[in-house]
Amino acid sequence: RLETILRVALARSPDLAEARARTRASLDRVRAASRLPDLELKYEHWAVPLSRPRALDEPQMLMLGLQQTFPAPGSLSARERMALGDARILIETQRARELDLIARVRRAYSDLYLAELEWRLHVEMVEMTTRMTEIARTQYQAGRASQQDILRLVVEMSRHHNDLAAVESRRRSQKALLNALMARPPEAPLGPLPEFEPRAVEVRAEELRRRLEARRPAI
């Protein structure tokens, strides 16, 4: 089913996994950008003999403390706004990749469904032409058909076999494409496609334009 294929493709896509990881990292950077710099441990020792710089028991003074840097007023909020802008870009990029993957899955599924219907039709045509050829041969033996009738049916049957082979090749390629979109091996088995009735869709150009402007991540 299309819903199952979409769910698997969205869950297992390496491209989307990378986009989600980038988005999570960018959101973490937003939180980090709004915080003060980390506290620093400060250590100093004075008047240590130059000949023994690591002799920590000989300096005249030892100083241990904490150091905190305070950025200029407004710089933290500016850094947060900049990081948030970068995160929004990555979020929309992730959404664009998801929409693109959904469109590719739907297109491949529709092409596979069409190839399945054509394959069934050509199988029926091959079977029917084969029966007609057998009937024509029987009638020819009985003197009620000509050899030309048999040859015409043989040529027709050969054409249907060629069409069937072409449709079968397209059917296999669409199955391999769907498997690739789900991050599965190309020859992984797929179940039979369910029957469905086409829906009537009313399209208005102005409404489509508004929806594109509102929902298209790149815009």
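Residues numbered from 1 in each chain as written. Predicted model: local features only at pLDDT ≥ 70, side-chain atom pairs only at ≥ 80, totals over all residues. Heavy atoms only, no water.

### A word on the overall build of the chain
- Tallying secondary structure elements over the chain gives 5 helices and 2 strands in all.
- Taken from the N to the C terminus, the helices and strands of the chain come in the order α-α-β-β-α-α-α.
- For a compact globule of 219 residues, the expected C-alpha radius of gyration is about 17 Å, and the chain comes in at 35 Å, more than 25% above that figure.
- Its C-alpha atoms give the chain principal-axis dimensions of roughly 125 × 55 × 25 Å.
- Within the chain, buried positions represent 21% of all 219 residues.
- Considering only residue pairs separated by 6 or more positions, the chain has 70% of its internal contacts joining residues 24 or more positions apart. (Helix = DSSP H or I, 4+ residues; strand = E, 2+ residues; numbered from the N terminus. Rg over C-alpha atoms; globule rule 2.2 N^0.38 Å. Buried < 20%, exposed > 50% of the residue type's maximum accessible area, 1.4 Å probe, protein only. Contact = heavy atoms within 4.5 Å.)

### A word on the confidence of the model for the chain
- For the chain, the average pLDDT comes to 85, and 100% of its residues sit at 70 or higher.
- Considering each helix and strand of the chain separately, the mean pLDDT is smallest for helix 4 (residues 147-181), with a value of 84, and largest for helix 1 (residues 2-12), with 89. (pLDDT = per-residue confidence, 0-100.)

### Side note on the environment of Leu 6
- Within the fold, Leu 6 resides in helix 1.
- In the structure, Leu 6 is positioned 99 residues away from Val 105 in sequence and 6.8 Å away in space, judged by C-alpha atoms.
- Excluding residues that lie within four positions of it along the chain, Leu 6 makes contacts with Ile 102, Val 105 and Arg 106.

### Topic: the packing of aromatic side chains
- Using the criterion set out here, one finds 0 aromatic pairs in the structure.
- The ring of Trp 119 has Arg 171 sitting right over it, with the charged end atom 4.1 Å from the ring centre. (Phe/Tyr/Trp six-rings, centres within 6.5 Å; stacked < 30°, edge-to-face > 60°. Lys NZ or Arg CZ within 6 Å of the ring centre and 35° of its normal.)

### Description of the pattern of salt bridges
- Counted by the stated rule, this structure contains 17 salt bridges.
- Between Arg 204 and Glu 202 there is a salt bridge; the shortest N-O distance is 3.0 Å.
- According to the relative accessible area criterion, Arg 204 is exposed, its value standing at 53%.
- Under the relative-accessibility criterion, Glu 202 is labelled exposed at 62%. (Salt bridge = Lys/Arg side-chain N within 4 Å of Asp/Glu carboxyl O.)

### Observations regarding the nonpolar core
- Residues Ile 5, Leu 101, Val 105, Tyr 109 and Leu 178 are the most contacted members of the largest nonpolar core, which totals 15 residues.
- At the level of secondary structure, the elements contributing two or more residues to this core comprise helix 1, helix 3 (75-141) and helix 4.
- The biggest single contributor to this core is helix 3, with 6 residues. (Core = buried A, V, L, I, M, F, W, Y, C linked by side-chain atoms within 4.5 Å.)

### Structural notes on the packing of helix 2 (residues 14-33) against helix 3
- Where helix 2 contacts helix 3, the axes come no closer than 8 Å and their chain directions differ by 165°. When the axis of helix 2 is compared with that of helix 3, the two are roughly antiparallel. When you trace helix 2 past helix 3, the crossing you get is left-handed. On the side of helix 2, the interface is formed by Asp 15, Leu 16, Glu 18, Ala 19, Arg 20, Arg 22, Thr 23, Ser 26, Leu 27, Arg 29, Val 30 and Ala 33, while helix 3 contributes Leu 76, Arg 79, Glu 80, Ala 83, Leu 84, Ala 87, Leu 90, Ile 91, Gln 94, Arg 97, Glu 98 and Leu 101.
- Of the residues assigned to the contact of helix 2 with helix 3, the class counts are 12 nonpolar, 3 polar and 9 charged. (Axes fitted to C-alpha atoms, helices over the stretch in contact; angles between N-to-C directions. Parallel < 35°, antiparallel > 145°, perpendicular 65-115°, else oblique. Left-handed = near helix turned anticlockwise from the far one by under 90°. Nonpolar A, V, L, I, M, F, W, Y, C, P; charged D, E, K, R; others polar.)

### Looking at helix 2
- Helix length check: helix 2 (20 residues) gives 29 Å between terminal C-alpha atoms against 28 Å at 1.5 Å per residue, within 8%.
- Burial in helix 2 covers these residues: Leu 16, Ala 19, Thr 23, Ser 26, Val 30 and Ala 33. With its buried residues spanning 110° around the axis, helix 2 presents them on a single face. In helix 2, the exposed residues that point more than 90 degrees away from the buried face are Pro 14 and Arg 24. (Expected span 1.5 Å × (residues − 1). Arc of directions from axis to C-beta.)

### Focus on unusual backbone geometry
- One non-glycine residue, Ala 183, lies in positive phi territory at about 60°.
- On the secondary structure map, Ala 183 appears in the loop between helix 4 and helix 5 (205-215).
- Here Ala 183 falls in the partly exposed class, since its relative accessible area comes to 34%.

### Points about the side chain of Ser 26
- As for its position among the elements, Ser 26 is in helix 2.
- Using a relative accessible area of 1% as the deciding quantity, one classes Ser 26 as buried.
- With sequence-adjacent residues up to four places away left out, Ser 26 is seen in contact with Ala 87 and Leu 90.

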